[in-house]
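Structural description and commentary
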Amino acid sequence: NSYISEIQYRIGNTFYLKGNYESALDNYQISINHFEGDSLINPLMAETYHNMSNIFLEQDKFDEGLHYLSKSEELYSIHKDTLGLSSIYNTYGVLYSTYGNFDFAENFFRKALDIRIKYYGETNTNTASCYSNIAKLLYELNKYEEAYNFYRKTLEIDSTILGNNHPKIAKHKL
């Protein structure tokens, strides 16, 4: 039932955050098994698949990560969860960037950015994280002027919201 699914999901998250990926995946799988038949009406299943994809991607298991990422994307689409899709697009961007497919990566990062600007506005830390991802990508592509502009946006947003003494600001200082 949904209650057991949610508890197993949360247990999986606890293991995930502690870096115990095997136990996290076991608990996520139990959660999914209890979701069966309920998957189209329970949005938590999309998050479960997304977390599973993140684990596989962190373990450099590209195919498994991509498989669960696409399952998560499908469910977020069914639920019309635009912010969930933004998170998925961001993960696709990281994935494709890591494996050197920079055109796909940039496309996904920009899709995530468009959604976050629409929902959070231009001056939100969620939006700033997209600016930062695009900046990193452009830097890798030797597009330094464009990268600089995106890094500046990131720094301006984060320093305004978090303050100049926040630890996150130090990583953005140019």
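Residues numbered from 1 in each chain as written. Predicted model: local features only at pLDDT ≥ 70, side-chain atom pairs only at ≥ 80, totals over all residues. Heavy atoms only, no water.

The next point concerns the overall build of the chain. Across its full length, the chain carries 9 helices and 0 strands. For the chain, the sequential pattern of α-helices and β-strands runs α-α-α-α-α-α-α-α-α. Its C-alpha atoms give the chain a radius of gyration of 17 Å, near enough to 16 Å, the size a compact globule of 174 residues would have. Considering only C-alpha atoms, the chain reaches an extent of 50 × 35 × 30 Å along its principal axes. Counting all 174 residues of the chain, 43% fall into the buried class. Counting only contacts in the chain whose residues sit at least 6 apart along the sequence, the fraction spanning at least 24 positions is 46%. Only carbon and sulfur atoms are counted for the fraction: they give 50% of the accessible area of the chain, which is about 9,400 Å². Each charge sign in the chain was given a centre, from 16 positive and 22 negative side chains, and these centres are 6 Å apart. (Helix = DSSP H or I, 4+ residues; strand = E, 2+ residues; numbered from the N terminus. Rg over C-alpha atoms; globule rule 2.2 N^0.38 Å. Buried < 20%, exposed > 50% of the residue type's maximum accessible area, 1.4 Å probe, protein only. Contact = heavy atoms within 4.5 Å. Areas by Shrake-Rupley, 256 points an atom, 1.4 Å probe, with all protein chains shown as cover. Lys, Arg positive; Asp, Glu negative; His and termini not counted. Charge placed at Lys NZ, Arg CZ, Asp CG, Glu CD.)

Judged by nonpolar contacts, the single largest core of 42 residues is most densely connected at Tyr 28, Tyr 49, Met 52, Tyr 89, Tyr 92 and Phe 150. Looking at this core, the elements with two or more residues in it are α1 (2–17), α2 (21–35), α3 (44–58), α4 (62–78), α5 (82–98), α6 (102–120), α7 (125–140) and α8 (144–162). Top contributing element to this core by residue count: α3, with 8 residues. Once residues lying within four places of it in the same chain are set aside, the contact partners of Tyr 28 are Tyr 9, Gly 12, Asn 13, Tyr 16, Thr 48, Asn 51, Met 52 and Ile 55. (Core = buried A, V, L, I, M, F, W, Y, C linked by side-chain atoms within 4.5 Å.)

The next point concerns the side chain of Asn 51. Mapped onto the secondary structure, Asn 51 falls in helix α3. You can call Asn 51 buried: its relative accessible area is 13%. Engagement of the side chain of Asn 51 in a polar contact is seen with the side chain of Asn 13, the distance being 2.8 Å. Within the structure, Asn 51 has its side chain in polar contact with the side chain of Tyr 28 (distance 3.2 Å). Other than its neighbours up to four places away in sequence, Asn 51 contacts Tyr 9, Asn 13 and Tyr 28. (Polar contact = N/O pair within 3.5 Å; in protein donor to acceptor, adjacent residues only side chain to side chain.)

Here we take up unusual backbone geometry. With a phi close to 60 degrees, Asp 60 is a non-glycine residue in the positive phi region. Relative to the assigned elements, Asp 60 resides in the loop between α3 and α4. When its relative accessible area of 56% is taken as the criterion, Asp 60 is described as exposed. Notably, Asn 142 is not glycine yet its phi reads approximately 60 degrees, a positive angle.

It is worth spelling out the confidence of the model for the chain at this point. With 91% of its residues at a pLDDT of 70 or more, the chain has an overall mean of 90. The weakest mean pLDDT in the chain belongs to helix α9 (residues 167–172) at 63; the strongest belongs to α6 at 96. (pLDDT = per-residue confidence, 0-100.)

What follows is about the packing of α4 against α5. Interaxial distance between α4 and α5 falls to 9 Å at its minimum, and their mutual angle equals 160 degrees. Our classification of the angle between α4 and α5 gives roughly antiparallel. As α4 runs across α5, the sense of the crossing is left-handed. Residues Phe 62, Leu 66, Leu 69, Ser 70, Ser 72, Glu 73, Tyr 76 and Ser 77 of α4 pack against Gly 84, Leu 85, Ile 88, Tyr 89, Thr 91, Tyr 92, Leu 95 and Tyr 96 of α5. Among the residues forming the contact of α4 with α5, the class breakdown is 10 nonpolar, 5 polar and 1 charged. (Axes fitted to C-alpha atoms, helices over the stretch in contact; angles between N-to-C directions. Parallel < 35°, antiparallel > 145°, perpendicular 65-115°, else oblique. Left-handed = near helix turned anticlockwise from the far one by under 90°. Nonpolar A, V, L, I, M, F, W, Y, C, P; charged D, E, K, R; others polar.)

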